Amino acid sequence: INMIGLYAIFKALLVIIWIIDILNIDFVINGIHIAEFLDVTVPLNGWFWLLVWLLVPTITGLSKKEN
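Bear in mind that the values here come from a model prediction, so they are computed numbers and not experimental data. The numbering scheme is per chain: residues are counted from 1 as the chain's sequence reads. Totals for whole chains, interfaces and linings use every residue, but because this is a predicted model, local features are given only for residues with pLDDT of at least 70 and side-chain atom pairs only at 80 or more, for both listing and counting. Only hydrogens and water are set aside when side-chain values are computed; all heavy atoms of the structure are taken into account.

Peer 1: Hey, could you go over a nonpolar patch on the surface for me, with residue numbers and the actual values?
Peer 2: A cluster of nonpolar residues, I19, I22, L23, I25, F27 and I29, forms a patch on the protein surface that exposes about 510 Å² of accessible area. A run of DSSP states H or I qualifies as a helix once it reaches four residues; a run of E qualifies as a strand once it reaches two. Both are numbered from the N-terminal end. Considering each element in turn, the nonpolar patch owes the most residues, three residues, to helix α1 (residues 3–23). To count toward a patch, a residue needs a relative accessible area over 30% and no salt bridge; like charges are then connected within 9 Å, while nonpolar side chains (Val, Leu, Ile, Met, Phe, Trp, Tyr) are connected within 5 Å. Note on areas: Shrake-Rupley with a 1.4 Å probe; residue coverage comes only from the protein chains shown. Between Lys or Arg on one side and Asp or Glu on the other, a salt bridge is scored when a side-chain nitrogen of the former is within 4 Å of a carboxyl oxygen of the latter.

Have a look at this one:
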């Protein structure tokens, strides 16, 4: 797996966590309520997500730099 592939996987995981966080989709993994974990234990607010999406470059931009 090259670096662009690893970055794509990382960005996909970020998007999944973001969707779970903003929509408060609750499910349980090993007795931990994930929506509650994201809201209480790791409080990620709107400013955090704004910074993430501003600072994380796009995959297309990275692949153009690599070529």
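Peer 1: Hey, could you go over α1 for me, with residue numbers and the actual values?
Peer 2: With 21 residues, α1 should cover 30 Å at 1.5 Å per step; its first-to-last C-alpha distance of 30 Å lies within 8% of that length. Along α1, the residues classified as buried are I4, Y7, K11, L14, I20 and D21. Backbone geometry just downstream of α1 places N24 in the positive-phi region, at approximately 50°. Here the expected length of a helix is defined as 1.5 Å per residue gap, with one fewer gap than residues. Exposure categories follow from relative accessible area, calculated using a 1.4 Å probe and restricted to protein chains: below 20% of the type maximum is buried, above 50% is exposed, and the middle band is partly exposed.

Peer 1: Explain the nonpolar core to me, and be specific about the residues and the numbers.
Peer 2: Counting five residues, the largest nonpolar core consists of Y7, L14, W49, V52 and V56. Looking at this core, the elements that each hand over two or more residues are α1 and α3 (46–55). Contacts were defined at the residue level, with two residues in contact if any of their heavy atoms lie within 4.5 Å. Ignoring sequence-local partners within four residues, the contact set of L14 consists of W49, V52, W53 and V56. Throughout this description, the term nonpolar core refers to a set of buried Ala, Val, Leu, Ile, Met, Phe, Trp, Tyr and Cys residues connected via side-chain atoms within 4.5 Å.

Peer 1: Provide a residue-level description of the packing of aromatic side chains, including the pertinent values.
Peer 2: The aromatic pairing rule takes the rings of Phe, Tyr and Trp, using the six-membered ring of Trp, and pairs them if the centres are within 6.5 Å, calling planes under 30 degrees apart stacked, those over 60 edge-to-face and the rest tilted. Summed over all chains, the structure comprises two aromatic pairs. Between Y7 and F10, the ring centres sit 6.4 Å apart and the planes meet at 45°, which makes this aromatic pair tilted. Taken together, the residues Y7 and F10, both in helix α1 and three residues apart, mark about one turn of the helix. Note on Y7: relative accessible area 15%, which makes it buried. Taking relative accessible area as the criterion, F10 reaches 45% and is therefore assigned partly exposed.

Peer 1: Could you give an account of the packing of α1 against α3, with specific residues and numbers?
Peer 2: Every axis corresponds to a line fitted to the C-alpha atoms, with the helix fit spanning only the stretch in contact, and the corresponding angles, defined between N-to-C directions, vary from 0 to 180 degrees. Running from N to C, α1 and α3 cross one another at 155°; their axes reach a closest spacing of 12 Å. As summarised for this structure, α1 and α3 are arranged roughly antiparallel, according to the angle between their axes. Viewed along their axes, α1 and α3 form a crossing whose handedness is left-handed. Taking contact as the criterion, the partners of K11, L14, V15, I17, W18 and D21 in α1 are, on α3, W49, V52 and W53. The cut-offs work like this: below 35 degrees is roughly parallel, past 145 is roughly antiparallel, 65 to 115 is roughly perpendicular, and the gaps in between are oblique. In this scheme, a crossing is called left-handed if the near helix is turned counterclockwise away from the far one by less than a right angle; it is called right-handed if the turn is clockwise.

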